[in-house]
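Structure assessment
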Amino acid sequence: MTLYDQGAASLDELCAEVEVASEGNENEATTRLRIIDKLLMDVLGWPADQINCEEYHEGGFLDYVVGAPQSRLVLEAKRTGLHFEVPAGTDSGTLSLRQFAAYSPTNQKAVDQVLAYCQHAGIPIAVLCNGVQIVAFLGSRSDGVAPREGDAVLYKSLADARQMFVGLWDQLSLPGVESGALLRQLASARTLAVPPAPLSASIHQYPGYRIGSAMETDLSILGDLFIQDVVNDETVTEDFLANCYCSSGALSQYAAVSKEILKSRYASLRDQVQVTDARGRKGPSKELESSLIAGSLTTRPIVLLGDVGVGKSIFLKHLFRLEAKDILSDTVVFYIDFLKHSGLNVDVSSHIVEAVRRELERSRSIDLEEDAIVRAIYNAEINRFRKGVSGPLQVDDPAEYRRREIDMLESHLRKPLEHVRRTLEFLRASRGLSFVIALDNVDQHDVGFQDRLFVVAHSLAAEWPATVFLTLRPDTFHQSRRSGALAAYQPRVFTVSPPRSDLVIAKRLQFAAKRLKEDGRLPGFPVGLTIDSTTLLVYISVLTKAFTENQKLISVVDNLSSGNARKALDFISTFVGSGYVQTSRILDLAASGATYFVPPHEFLRAILFQDHKYYDPETSPVPNLLWISTRSAQEHFLLPVLLATVQQLGKGEQNGFVSKSRLYSSIQALGYAPTDIDIHFQRAVEADLLEVSDPEDPQAVVRPTAAGAYMYQTLISDFAYLDAVVVDTPVLNPAFRARIRDVQPIEERIERVEIFLDYLDESWPFGNEAMTFSWPAARAAADAELQRVKQGAARASTRRP
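These numbers were taken from a predicted model, which means no experiment stands behind them. (Residues numbered from 1 in each chain as written. Predicted model: local features only at pLDDT ≥ 70, side-chain atom pairs only at ≥ 80, totals over all residues. Heavy atoms only, no water.)

Notes on the overall build of the protein chain
Tallying secondary structure elements over the protein chain gives 36 helices and 16 strands in all. Within the protein chain, the fraction of its 801 residues that count as buried is 54%. At a minimum sequence separation of 6, the contacts of the protein chain that also span at least 24 residues come to 73%. Total accessible area on the protein chain stands at roughly 34,600 Å², and carbon and sulfur atoms take up 50% of it. (Helix = DSSP H or I, 4+ residues; strand = E, 2+ residues; numbered from the N terminus. Buried < 20%, exposed > 50% of the residue type's maximum accessible area, 1.4 Å probe, protein only. Contact = heavy atoms within 4.5 Å. Areas by Shrake-Rupley, 256 points an atom, 1.4 Å probe, with all protein chains shown as cover.)

Quick look at the packing of aromatic side chains
One pass over the structure, following the stated rule, counts 22 aromatic pairs. A ring pair is formed by Phe240 and Phe511, whose centres lie 5.6 Å apart and whose planes are at 80 degrees; its orientation type is edge-to-face. With Phe240 in helix H11 (residues 237–244) and Phe511 in helix H23 (residues 501–519), this residue pair connects regions lying 271 residues apart in the sequence. In this structure Phe511 comes out as buried when scored by relative accessible area, which is 2%. With a centroid separation of 5.0 Å and an interplanar angle of 90 degrees, the aromatic rings of Phe637 and Trp764 are classed as edge-to-face. A residue pair is termed long-range when its members are at least 10 positions apart, and Phe637 in the loop between helix H28 (600–609) and helix H29 (638–650) and Trp764 in the loop between helix H35 (746–763) and helix H36 (775–799) qualify at 127 residues. (Phe/Tyr/Trp six-rings, centres within 6.5 Å; stacked < 30°, edge-to-face > 60°.)

Comments concerning helix H26 (residues 565–575)
Burial analysis of H26 places eight of its eleven residues in the buried class, the great majority of the element. All of the buried residues in H26 are Ala565, Lys567, Ala568, Leu569, Phe571, Ile572, Ser573 and Phe575. Here H26 starts with a cap whose side-chain oxygen sits 3.1 Å from the backbone nitrogen of Arg566, and that cap is Asn564. Phi for Gly577, located one or two positions after H26, is positive at around 80 degrees. (Polar contact = N/O pair within 3.5 Å; in protein donor to acceptor, adjacent residues only side chain to side chain.)

As for the sheet that holds strand S15 (residues 690–692)
Read from one edge of the open sheet, three strands run S14-S16-S15, paired in antiparallel fashion. Across the chains shown, the open sheet's two edge strands, defined by having one partner strand only, are strand S14 (658–659) and S15. As defined by bridge partners, S15 adjoins strand S16 (residues 701–704) across three bridges and the pair is classed as antiparallel. The residue of S16 that forms the bridge with Val692 is Val702. Along the sheet, H29 makes contact with S14, S15 and S16, crossing S16 at roughly 105 degrees. (Pairing = 2+ DSSP bridges. Axes fitted to C-alpha atoms, helices over the stretch in contact; angles between N-to-C directions.)

A few points about the sheet that holds strand S13 (residues 492–495)
On the basis of which strands lie adjacent, the open sheet formed by six strands has the order S8-S13-S9-S12-S11-S10 and parallel pairing. Two strands lie at the open edges of the sheet, namely strand S8 (275–277) and strand S10 (331–337), each paired on one side alone. Each strand axis lies, on average, 25 degrees off the axis of its neighbour in the sheet, ignoring direction. Helix H21 (residues 447–463) rests against strand S9 (302–305), strand S11 (434–440) and strand S12 (467–472) of the sheet, and its axis sits at about 165 degrees to S12.

Describing the packing of helix H24 (residues 533–549) against helix H27 (residues 583–591)
Axis separation between H24 and H27 bottoms out at 10 Å; the angle between their running directions is 95 degrees. Taken together, H24 and H27 sit at an angle that is classed as roughly perpendicular. Every residue of H27 that contacts H24 at Thr535, Val538, Tyr539 and Val542 is listed here: Thr583, Ile586, Leu587 and Ala590. When grouped by side-chain class, the residues that make up the contact of H24 with H27 number six nonpolar, two polar and no charged. (Parallel < 35°, antiparallel > 145°, perpendicular 65-115°, else oblique. Nonpolar A, V, L, I, M, F, W, Y, C, P; charged D, E, K, R; others polar.)

Regarding the pairing of strand S7 (residues 151–155)
Of all five residues that make up S7, four are buried, and the element is covered over most of its length. Here strand S4 (residues 93–96) pairs with S7 via four bridges, running antiparallel. Bridge assignment links Leu95 to a residue of S7, and that residue is Ala152. Two strands pair when backbone bridges link them, and strand S6 (residues 134–138) and S7 are joined in this way by four bridges, in the antiparallel orientation. Across the sheet, residue Phe137 finds its bridge partner in S7, namely Ala152.

Re the pattern of salt bridges
Evaluated as defined, the whole model comprises 38 salt bridges. We note a salt bridge from Arg403 to Asp407, for which the minimum N-O separation is 3.0 Å. Note that Arg403 and Asp407 are positioned in helix H19 (residues 398–413) at a spacing of four residues, about one turn of the helix. Judged by its relative accessible area of 34%, Asp407 is partly exposed. The partner of Glu754 in a salt bridge is Lys790, with the nearest N and O atoms 2.8 Å apart. Taken together, the residues Glu754 in helix H35 and Lys790 in helix H36 connect sequence positions 36 residues apart. (Salt bridge = Lys/Arg side-chain N within 4 Å of Asp/Glu carboxyl O.)

As for the nonpolar core
With 106 residues, the main nonpolar core has Tyr539, Phe547, Leu560, Phe603, Phe756, Phe773 and Trp775 as its most contacted residues. Listed in part, the 46 residues of the second largest apolar core include Val275, Ala355, Ile377 and Phe454. (Core = buried A, V, L, I, M, F, W, Y, C linked by side-chain atoms within 4.5 Å.)

Describing the environment of Thr2
Looking at the secondary structure, you find Thr2 in the segment before helix H1 (3–17). Within polar-contact distance, the side chain of Thr2 engages the side chain of Asp5 at 3.0 Å.

Regarding the pairing of S13
Residues Arg492 and Phe494 line one face of S13 and the alternating positions Val493 and Thr495 line the opposite face, and both faces are buried. Pairing geometry for S8 and S13, over three bridges, is parallel. For Asp277, the partnering residue across the bridge sits in S13 and is Thr495. In the sheet, S9 pairs with S13 via four bridges, with the strands oriented parallel. Residue pairing across strands places Ile302 opposite Arg492, the latter belonging to S13.

Section: helix H17 (residues 379–387)
Within an α-helix, residues lying three or four positions from one another point in the same direction, as the helix has 3.6 residues per turn. Regarding H17, the residues found buried are Glu381, Ile382 and Phe385. Across the axial projection of H17, the buried residues extend over an arc of 100 degrees, all falling on one side. Across H17 from its buried face, at more than 90 degrees, point the exposed residues Arg384 and Lys387. Residues of H17 that are buried make contact with helix H16 (371–377), H19 and helix H20 (416–431). (Arc of directions from axis to C-beta.)

Examining the side chain of Glu359
Counting through the fold element by element, Glu359 comes out in helix H15 (residues 345–364). If sequence neighbours within four positions are ignored, Glu359 has contacts with Val332, Val333, Phe334 and Arg364.

Focus: the packing of H1 against helix H6 (residues 165–172)
Closest axis-to-axis distance for the H1/H6 pair is 11 Å, and the angle between their directions is 120 degrees. Looking at the two axes, H1 sits oblique to H6. In this structure, the crossing between H1 and H6 has a hand that is right-handed. Contacts between H1 and H6 involve Leu3, Tyr4, Gly7, Ala8 and Leu11 from the former and Phe165, Val166, Leu168 and Trp169 from the latter. Here the contact of H1 with H6 is composed, by residue class, of eight nonpolar, one polar and no charged. (Left-handed = near helix turned anticlockwise from the far one by under 90°.)

Some remarks on unusual backbone geometry
Cis geometry is adopted by the peptide bond preceding Pro69, which originates at Ala68 and carries an omega value of 0 degrees. Mapping Pro69 onto the fold places it in the loop between strand S2 (60–66) and strand S3 (73–77). The linkage connecting Tyr206 with the following residue, Pro207, adopts the cis geometry, with an omega of 0 degrees. Despite not being glycine, Asn441 has its phi angle at roughly 60 degrees, a positive value. Here Asn441 shows up in the loop between S11 and H21.

Topic: the environment of Asp728
Tracing the backbone through its elements, the reader meets Asp728 in the loop between helix H33 (719–725) and helix H34 (734–739). We classify Asp728 as buried; its relative accessible area is 8%. Residues Asp728 and Pro198 lie 530 residues apart in sequence; the distance between their C-alpha atoms is 5.4 Å.

Section: the confidence of the model for the protein chain
This prediction gives the protein chain a mean pLDDT of 84; 86% of its residues lie at or above 70. Of all helices and strands in the protein chain, the one with the weakest mean pLDDT is helix H9 (residues 189–192) (54), whereas H33 scores best (97). (pLDDT = per-residue confidence, 0-100.)

Here's what the structure looks like:
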């Protein structure tokens, strides 16, 4: 039976129980207990943990506040004897709220009371119910219509509600409210209409491509080579690890969030399972070293947890090949990378077997199918075979005996996983070898695949003579602990914290320069390029200086990457050879002995635009804070307000986390609808502007990432950012929209940003009142930035021929 069918059946039962005439004197508490509780939970499907009764607010009490984490509706209960009066002949259905309120003092008082609750708390739906009659309307609106001027939905009796149950379900049930059915029914057409298309919709061939020079194109190719791909070149791996590995856990001095938040990156995990830092101050933690030594004696895999891009893979490689080299002197490490794995179950076993086969042959010259090895492994089986029914053939028919013996051995080889296990058991017993199996980049696949790989890892740890590592992300670990494979196990868990992104970049650039100086080229250096090694070395030196000395530039990278070293390196790869960078000027100045200082706006434009001529939110790693989904001008500021509110509320909380329900309540109180908050909350999570303890848990807690804090504190006032997102932001005022055009000269772009800022001034609804996010303060910072840009444009114009 569906939830809808259960609700309909429950309403049938409720109608049978209610006898209005005999219950006319019940008070509010009795009405609630007998009827309204059943109406909310049994009929409309609201879970008990999403219903708060008698919630105190602003000196009064709301009988029911329904919904979590966001408050979706307020229900004011009246005793059944207190009827709501309507004009004669009025049927159940839609009616004017003003007329309903004016028809009787009882109606007026009830409407006034619940409207005050909704408007103070920003709760969108108001419901009046006396156990028999139901009146629902919009108690808080952002469509320019005063709540009292809107319509209401009336059910004159429970019998009418049953007859019209499809409507009641769509309007007030949990799934109905989440779908916004009542909002669509009662809101003005202006609210329901989508906002006007942004400027980008009128740009021919948007987002276009910015074509760089031949030199810039070559640099772009080389950027991937010396920033990213060098780690994959096996001929330099150990040299790379020794020179480029950065110890995790160092705290950034540029982050826009507190050091407490940086220190407590994995704090929410400690409530679920015992976790230990993978690194101590001078190397691997003692607990990890102990687990590494004794791992094959236990039956549990070691789970290595870390966010995307923090460096789990390089941590493992550095651990196995350098830091734990002495401990692992008699150990064979099977590093099994699932990054390019198909994700199909049928391929997992063969992937593991092939990786083990390849490593045994490479490091120990052991062939899994060599006759002598196979016979040594299955010596017991050979002896049993000799004593079995085929034994007499050794004398009677030696050739047939040999054939049958080979068939028996080949039957074992046809079970590759079991054959590998037997091989490792044999090598441990005969040669004293130990084994480590690292299943890496498992978290690059869906949660279901990760769950299956954990079961595989547990099986390997339990049945194979090996220490087994498995890398996962915290979010998928949470989900699996709650309802997946991890729910049935207690794994050993170690966490990897991110290194400082500025150190990662500096070491990677210095390593590239070192290889160029020593070898005259980088491994894999393509032929036929317009740039030689000497020129590339000059370019790398400019980058190294910029990303070690330019604090504003470092701050941009450090904050926007939020501790994701992979993302920080992607930023540098994007910058190198970008059409937004004055590459020829960099090299010309270097050739003349002068130093080129990389302007932060050049770097930011390269990141914002990527390879495109215009900002495209689909490809840019930096989201548009000012985008809107409705025709409500105040929505332009919803995401900045959300980010600022999270950070402000978290200041007094442990590790900077705040509950989603508290966050939603604070923002709803400003007049934002829960559906709009949902949209921008999800945008913030997807863009890594917010960290959620467990995305699937309604009671989850949340805090800002460094990127989230940096964007609302700094980037929203940056000219390069405003100049980019203006093409993607719907402008509601037609007068401003007509003045925001597609322009290219810097002087015209400055003027366009000023128009955009004026429009946002007009859209800001909160005046100068104290807020977690202040647009007037952001505007003042933007004006100061504009002055700097104007001065720079004037200087540049004097250099033009």
